[in-house]
Amino acid sequence: MKKLARIALGHTPTPIEPLPALSAALGGPSLFVKRDDLTGLAFGGNKTRKLEYLAAEARAHNAGMLITAGAVQSNHCRQTAAAARRLGLDCTLVLVGKPTLHPEANTYLDMLFNAEIIWVKPEKRDLRLKEVFAAKHAANRRPFLIPYGGSSPTGAAAYSYAMPELAKQKLAPDWIVFASSSGGTQAGLVVGAAATESRTKILGISVDEPAKILADRVASLATETAALLGVENRFKAKDIRVNADYLGGGYAEMGRPEQEAIQLFARHEGLLLDPVYTGRAAAGLVDLIRKGFFKKKDTVLFWHTGGTPALFADKYRTALLD
Ligand SMILES: *Cc1c(COP(=O)(O)O)cnc(C)c1O
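Residues numbered from 1 in each chain as written. Predicted model: local features only at pLDDT ≥ 70, side-chain atom pairs only at ≥ 80, totals over all residues. Heavy atoms only, no water.

K.L.:
Quick one: what's the story with the environment of Thr 80, residue by residue and with numbers?
P.N.:
Turning to its location among the elements, Thr 80 is positioned in helix 3 (residues 75-86). Exposure remark for Thr 80: the relative accessible area of 0% places this residue in the buried category. Spatially, the C-alpha atom of Thr 80 lies 30 Å from that of Val 300, the residues being 220 residues apart in sequence. Aside from chain neighbours lying at most four places away, what touches Thr 80 is Leu 51, Leu 66, Thr 68, Cys 91 and Ile 146. (Helix = DSSP H or I, 4+ residues; strand = E, 2+ residues; numbered from the N terminus. Buried < 20%, exposed > 50% of the residue type's maximum accessible area, 1.4 Å probe, protein only. Contact = heavy atoms within 4.5 Å.)

K.L.:
Just give me the short version of the sheet that holds strand 7 (residues 175-180), but keep the residues and values in it.
P.N.:
Strand order in the open sheet made by the six strands is 1-2-10-7-8-9, with mixed pairing throughout. Strands at the two margins of the open sheet, each flanked by one partner only, are strand 1 (16-18) and strand 9 (241-243). Each strand of the sheet is rotated relative to its neighbour by a mean of 25°, with strand direction disregarded. In this sheet, strand 10 (residues 299-304) lies alongside strand 7 in parallel orientation, the contact comprising three bridges. Paired with Val 177 across the strands is Phe 302, a residue of strand 10. (Pairing = 2+ DSSP bridges. Axes fitted to C-alpha atoms, helices over the stretch in contact; angles between N-to-C directions.)

K.L.:
Which residues make up the site of the ligand, and what values go with them?
P.N.:
The local shell around the ligand holds 16 residues, among which Lys 47, Lys 50, Ser 182, Thr 185 and Thr 305 are the closest. One of the side-chain N or O atoms of Asn 75 is found 2.9 Å from an oxygen atom in the ligand. Compared with its free state, where it exposes 380 Å², the ligand has 98% of that area covered by protein. Here the ligand occupies the largest pocket. (Near = heavy atom within 4 Å. Polar contact = N/O pair within 3.5 Å; in protein donor to acceptor, adjacent residues only side chain to side chain. Areas by Shrake-Rupley, 256 points an atom, 1.4 Å probe, with all protein chains shown as cover. 1 Å grid on protein atoms, 1.4 Å probe; cavity = no way out; pocket = protein on both sides within 12 Å on 5 of 7 lines; lining within 4 Å. Sits in = over half its atoms within 2 Å of the grid points.)

Below, the structure is given as structure tokens:
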């Protein structure tokens, strides 16, 4: 794979740990976890890897500030605000939600980084983002737009490089399972697997999109990422493994399955998941194990994508102690 410019912001390789107590409790395959919740940069998560390459792209464009958008509890926005400060830049976040006098969890951290926050209604997000970009540009601030979820080919490439990192760690899992949403993580892993001729099956548990939409998005992003890295593969939606059976009450609505999965990981392994992404992906993993989807002799790597600061938002905190 062609090497892209990178600015180091985090800690890689991230550790891999076995989950023996959880594997035994579920009576299923051997479970391991790849700790991308420990990538660093303001509590870590999968956006750290992406931002290392996006930051280098921003610097190459002589950016004067970063702009991005997301949900109220966006991990991507929190980490982009932190990355901006590491680069000595300002950051503007377009957040879907209402101004609050009681900022919690990720929003609180956005404010601690002194990011400028522009609150929008969901249907206005893309329009406001364009307007904000145009206004900063007109004011000579040299804004650089970090894509939604960091999921451009440049951001996704970070996860292509994570496959050789995994190979060096001497674990050749039968499956990799993780939370998939804007698709950059999955697209990157799929390209990395193709480039390293890995036989590991890469299964994204959809957090918020129907299977067809997510598989199409991942396939086209993977094809673009492969082109960027000089990997001669094209990807079709049918090549992409997506499971969208665990959408529950919708994006960021934690239900019983997520709650149970978070408690299982916490109580068997002392490991924290998050209520929006990894909790949902783990709920899917647990259900698939109970249904006998995996073989008992399989090795399954749960790729932890971070998000744990959201555990401290009131909405989730109270429900998790139920
Ligand atoms: C953004 C995010 C994801 C989804 O990753 P994509 O690359 O957008 O699919 C998963 N987990 C956490 C914790 C995230 O913040």
